[in-house]
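# Topology and contacts: notes
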Amino acid sequence: MGPWIPAFLAVALVAQVPPSGSAVEGRLRRDVAFLASPALQGRGNGYPGLDQAAAHVLREWKNLGLKAQIQRFPFVAKVVREAQGALLTHGEEARPLVWGRDIEAVGYSGDADFRMKPLAFAGYGVQIPGGYDDLAGLEVKDHVVVIVRTLPDTDAFAHLPRGERSLLARVKRLQAGRAAAVLVLEDGPARPLQREEGPMKLDIPVLSLSAGALGDACGDLPARLKAIRDTGKPASQDFIYAPWTTLTLKLRLRREEAQVPNVVAVIPGRDPKLRKEYIVIGAHLDHLGLGERHSLGGAESRGQVHPGADDNASGAALVVELGRELKRARPRRSILLMHFGGEEEGLLGSSYWIQHPTHPLESVKVMLNFDMVGRLDPAAPKLLMGGLGAPKAALEAAKKLAPEGFSISGDVGAAVGGSDHMVFSQAKIPTFFFFTGVHGEYHRPTDTADRINVAGMAALAAYGRAVALDLANADTTPAFDPDTAKVVLRGDGGPMRVAFGTLPDYADNPRGFRINGVSPGSTAEAIGLQAGDIIISFGGRPVKNIYDFMDALGAHKPGDKAVVRWLRGDQTMQAEATLKGRS
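Residues numbered from 1 in each chain as written. Predicted model: local features only at pLDDT ≥ 70, side-chain atom pairs only at ≥ 80, totals over all residues. Heavy atoms only, no water.

With that settled, consider the overall build of the chain. Helix and strand content of the chain: 13 helices and 23 strands. A compact globule built from 583 residues would reach a C-alpha radius of gyration of about 25 Å, and the chain, at 26 Å, matches this within 12%. Dimensions of the chain along its principal axes, counting C-alpha atoms only, are 80 × 55 × 45 Å. Within the chain, buried positions represent 55% of all 583 residues. Sequence separation of 24 or more characterises 79% of the internal contacts of the chain that already satisfy a separation of 6 or more. As displayed, the chain has an accessible area near 24,400 Å², and 51% of this comes from carbon and sulfur atoms. The chain carries 68 positive and 65 negative side-chain charges, and their two centres are separated by 4 Å. (Helix = DSSP H or I, 4+ residues; strand = E, 2+ residues; numbered from the N terminus. Rg over C-alpha atoms; globule rule 2.2 N^0.38 Å. Buried < 20%, exposed > 50% of the residue type's maximum accessible area, 1.4 Å probe, protein only. Contact = heavy atoms within 4.5 Å. Areas by Shrake-Rupley, 256 points an atom, 1.4 Å probe, with all protein chains shown as cover. Lys, Arg positive; Asp, Glu negative; His and termini not counted. Charge placed at Lys NZ, Arg CZ, Asp CG, Glu CD.)

Taken N-terminus to C-terminus, the directions of helix α2 (residues 23–35) and helix α11 (residues 454–473) make an angle of 110°; their axes are 9 Å apart at the nearest point. Accordingly, the angle class assigned to the pair α2 and α11 is roughly perpendicular. Our pair here, α2 against α11, has a crossing hand that is right-handed. Contact residues: V24, E25, L28, R29 and V32 in α2; V454, A455, M457 and A458 in α11. Here the contact of α2 with α11 is built from residues that sort into seven nonpolar, no polar and two charged. (Axes fitted to C-alpha atoms, helices over the stretch in contact; angles between N-to-C directions. Parallel < 35°, antiparallel > 145°, perpendicular 65-115°, else oblique. Left-handed = near helix turned anticlockwise from the far one by under 90°. Nonpolar A, V, L, I, M, F, W, Y, C, P; charged D, E, K, R; others polar.)

Side chains of E92, E93, D216 and D220 sit close together on the surface and give a patch of like negative charge. A relative accessible area of 59% places D216 in the exposed class. (Patch = residues over 30% accessible without salt bridge, like charges linked within 9 Å, V, L, I, M, F, W, Y side chains within 5 Å. Salt bridge = Lys/Arg side-chain N within 4 Å of Asp/Glu carboxyl O.)

Of all ten residues that make up strand β4 (residues 112–121), seven are buried, and the element is covered over most of its length. Relative to strand β8 (residues 237–238), β4 runs antiparallel, the two being bridged by two bridges. Note on β8: the bridge partner recorded for F121 is Q237. (Pairing = 2+ DSSP bridges.)

Moving on: α11. A rise of 1.5 Å per residue sets the reference length of α11, with its 20 residues, at 28 Å; its end C-alpha atoms lie 28 Å apart and thus fit the reference within 8%. With 17 of its 20 residues buried, α11 lies for the most part within the structure. Capping the start of α11 is the job of one residue whose side-chain oxygen sits 3.3 Å from the backbone nitrogen of A455: N453. (Expected span 1.5 Å × (residues − 1). Polar contact = N/O pair within 3.5 Å; in protein donor to acceptor, adjacent residues only side chain to side chain.)

What follows deals with unusual backbone geometry. For the peptide bond that leads from D311 to N312, omega is 5°, which places it in the cis range. Secondary-structure assignment places N312 in helix α7 (residues 309–329). Phi is positive for L347, which is not a glycine, with a value near 60°. One can find L347 in the loop between β11 (334–340) and α8 (348–355). On the accessibility criterion, L347 (16% relative accessible area) is buried. Residues other than glycine seldom take positive phi values, yet H443 does so here, at roughly 60°. Summarising the element assignment, H443 is placed in the loop between β15 (431–435) and α11. Looking at H443, the relative accessible area reads 7%, which means it is buried.

Okay, here's the thing in structure tokens:
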């Protein structure tokens, strides 16, 4: 046991929850209401509302007399076509492809200007070492390679690693093979041009192609794809030979770049020896704006303000409150207070800060991340806490600082939410993650300030203060633990073929897997599951936690029937579910 652990346990810092109606509650309510107000338009990346939110946080730090700054990083807010043309030639016949209907650029596409490059059909663009290989014996160099976006639910693809399943991974493989372009065949219409997560721009053009755009120019593709599904064997083909099929392509894209804010402030430590070390306390400031991307509210919610009160006005407000409290406490180590942009688009702000730190990265000892901390259940207050890269003993010690009547569920390495702490853990910094759970308003316009449990946030602020001070005042801090930095992925790593529609309660429950709700129109809703139900078996498999549930779900494919058993209070219920595929 390291010297930090007994020091941690010895300090009498058990969190003292402020009384109901306290000034703390008033400040938290005010900050959440402002950050989630309609005026800020959902704090979307690249839009004025996020800058207003950053300016609000910066004012709070300046009012406290803290040294603070806004660090900006580039973000592609919009991708626009400036020039385009696509001519498909099959034998002696040539026909133009219609942009926006037959063909459209993918957001990270490179530009192009070439004539009559031959097409090659490469199935799904998949290579499994020692197994299924769409590219075996196929020449992709200087070819326009056609691949299908959606992978089939067949045994040949069942154990494809998760990272290899993404379209971007498959496209990058073709780029490495020096393909001239990639045409991504869709199940329906070509997808609209928009910013995509991932690189800003690839070296080769990547285009979305409607299901019927090729016609018979590459033969009978539906029959070819059926053969792949039926046999589990590739059916790739080069169309350089007569009657050859070629593409002439001209494409130039313009990327409209915005400068997105991170807000950074520092509370100087009082100890001459330890003040050069930092404890980071962070939360992301951005949300979904008007729901153009990542909204779970369906097509009707696009264009509506997504206030993001819990996600993550709650965490942003809580970090501001912790800044107020910790400045008064004068800790031995310095505190870095950080509000990140770009989290909703792939942890962009925290990643940028790690690459361009405003303070020495090697001096950051621990990172505490607060994301979605506004929905503590007042009847049974339970915080979900993960320790990614933190020793298990450190997490257990931190849990002992919880206020009376406050339950904490968590473990090291637990993959509860993909948030900014993951970037710090990858930089070999121990992290704690604080989270009150997912709910039916997540990523929807209904995540509003009136639903926030402000008294619960005040309790969490008291607990966060206790943990932060104990870390900041200890003689030593916990060392990075590479074993707990591995994000837990239960199961065999195969695809999740079906969608069920439960909103999970990630907290441990001795009776089974408790759910916080169901998605509208989902299978879970159809069989009668409700918030608070505890699933105890799925398809004949016992379910004791979320991992058992995911393993049981992953064993099925669309169209399967599975008997689901659950507890509602003291009553045991069951129903047969017909499982749907993931959209």
